[in-house]
Amino acid sequence: MKSKNIELIAKYLDNIKKEKKVSEGTVTTYTNIGRNLPFSLTTSQPTIIKKLKELYDNPNTLQLYLNIIILVRRSIDENTDKLIKLRNSLRDEIIKVRKENLDKLDDKLPTYDYIIKELDNLTGIRYIINYLIINHGLRNKDMNVKLVKTLPRENKTDNYIQNKTKHILLDINDYKTDKTHGNKQIKITSPKFIKEFRDIGLKDGDYLLSKKDNTPINNVSTFNDKVLSLSIDKLGQNKLFKIVIKHLLNNKEYGKLEQLSNDRGTSLAVILKSYNLDNGVEQAEED
């Protein structure tokens, strides 16, 4: 059964790889789910629903499994209507759980003033990484950038950084929502950022974050761990971003919110729903 599930998932991934780029993280997630399912992907929908409900209480986990099962079953022409109905019914519960988790997280996180003070005291690569997260909302993957003198004219599949005369230019092509938002260019004119970037002494072709032998970090988990270790108090980009969003909403800095939305490649609606520690959808409407 496990081998059959893994085989079906592998075949599905091979097919979608022909149409779009599939990240290493996606392949790992799909494969692990296929390995862990205690039932066949081709069994009846009621059986799948019963087994999933017995296994998982968390609606986010349940939704993740349902998403993958639905996609694979569709690819082999198996029915999915009951699975889709269950997935749709989880939405309100997921929003409720997310709000509860954000409330708990808010009690544990430092203030915006604290992280800005910490940022000002940083230097080198730690300053660069935390600046990009706090001021531009970049995710880990966005910061996997290579220094180049000249941007490729075509087939820009990587992320690049350029040391211009009066600014630093980020040209980001490989990120979570690139299929929706396309190429992102971010121009940084901060004197301290420019100085700190130039002081780390990258050469043409070097990566901002790399292995000891200066080769790129291709493993997603390793790269994420590297960013986490460099972030303020090891908070990571997600928590730092939540702190920034709360501050901007509390101070009604909607222009900065829009800038972060563009730089991150995330709609304002998603930011307000997923990252606002104060349940910002309702707050923004009331303001």
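Residues numbered from 1 in each chain as written. Predicted model: local features only at pLDDT ≥ 70, side-chain atom pairs only at ≥ 80, totals over all residues. Heavy atoms only, no water.

(A) Geometry of the sheet that holds strand 4 (residues 184-188). Strands sit in the order 1-2-3-4 across an open sheet of four strands; the sheet is mixed. With one partner strand each, in any of the chains shown, strand 1 (145-147) and strand 4 form the two edges of the open sheet. Strand after strand, the sheet turns through a mean of 20° between neighbouring axes, direction not considered. (Pairing = 2+ DSSP bridges. Helix = DSSP H or I, 4+ residues; strand = E, 2+ residues; numbered from the N terminus. Axes fitted to C-alpha atoms, helices over the stretch in contact; angles between N-to-C directions.)

(B) Looking closely at the pairing of strand 4. Covered by surrounding structure in strand 4 are Lys-184, Ile-186 and Ile-188 only, the residues Gln-185 and Lys-187 on the alternate face being uncovered. Pairing between strand 3 (residues 168-172) and strand 4: five bridges, direction antiparallel. Following the sheet pairing, Leu-170 is matched in strand 4 by Ile-186. (Buried < 20%, exposed > 50% of the residue type's maximum accessible area, 1.4 Å probe, protein only.)

(C) Just unusual backbone geometry, in detail. One non-glycine residue, Asp-77, adopts positive backbone phi at about 60°. Under the relative-accessibility criterion, Asp-77 is labelled exposed at 72%.

(D) Seen up close, the side chain of Lys-184. Structurally, Lys-184 is set in strand 4. Residue class for Lys-184 comes out buried when judged on its relative accessible area of 5%. Of note is the side chain of Lys-184, whose polar atom sits 2.7 Å from the side chain of Asp-142. Here the side chain of Lys-184 touches Arg-264 through a polar contact of 3.3 Å, landing on its backbone oxygen. Look past the residues within four positions of Lys-184 in its chain and what remains in contact with it is Leu-138, Asp-142, Leu-170, Asp-171, Ile-172, Tyr-175, Asn-262, Asp-263, Arg-264 and Gly-265. (Polar contact = N/O pair within 3.5 Å; in protein donor to acceptor, adjacent residues only side chain to side chain. Contact = heavy atoms within 4.5 Å.)

(E) Quick look at the packing of aromatic side chains. Tallied over the entire structure, the rule returns four aromatic pairs. Arranged with centres 4.6 Å apart and planes meeting at 40°, the rings of Tyr-56 and Tyr-65 form a pair that is tilted. Of the two residues, Tyr-56 and Tyr-65, neither departs from the other in class, the shared state being buried. One aromatic cluster is present, formed by Tyr-127, Tyr-131 and Phe-193 through successive ring pairs. Lying across the ring of Tyr-175, Lys-184 places its NZ or CZ 4.1 Å from the centre. The ring of Phe-241 has Arg-264 sitting right over it, with the charged end atom 4.0 Å from the ring centre. (Phe/Tyr/Trp six-rings, centres within 6.5 Å; stacked < 30°, edge-to-face > 60°. Lys NZ or Arg CZ within 6 Å of the ring centre and 35° of its normal.)

(F) Region of the structure containing the pattern of salt bridges. Considering all chains together, one arrives at seven salt bridges under this definition. Here Lys-50 makes a salt bridge to Glu-54, at a shortest N to O gap of 2.7 Å. In this pair, Lys-50 and Glu-54 both sit in helix 3 (residues 45-55), four residues apart, roughly one turn of the helix. Neither Lys-50 nor Glu-54 differs from the other in exposure class; each is exposed. Across the pair Lys-179 and Asp-178 runs a salt bridge whose closest N-O atoms are separated by 3.2 Å. Since its relative accessible area comes to 58%, Lys-179 is described here as exposed. (Salt bridge = Lys/Arg side-chain N within 4 Å of Asp/Glu carboxyl O.)

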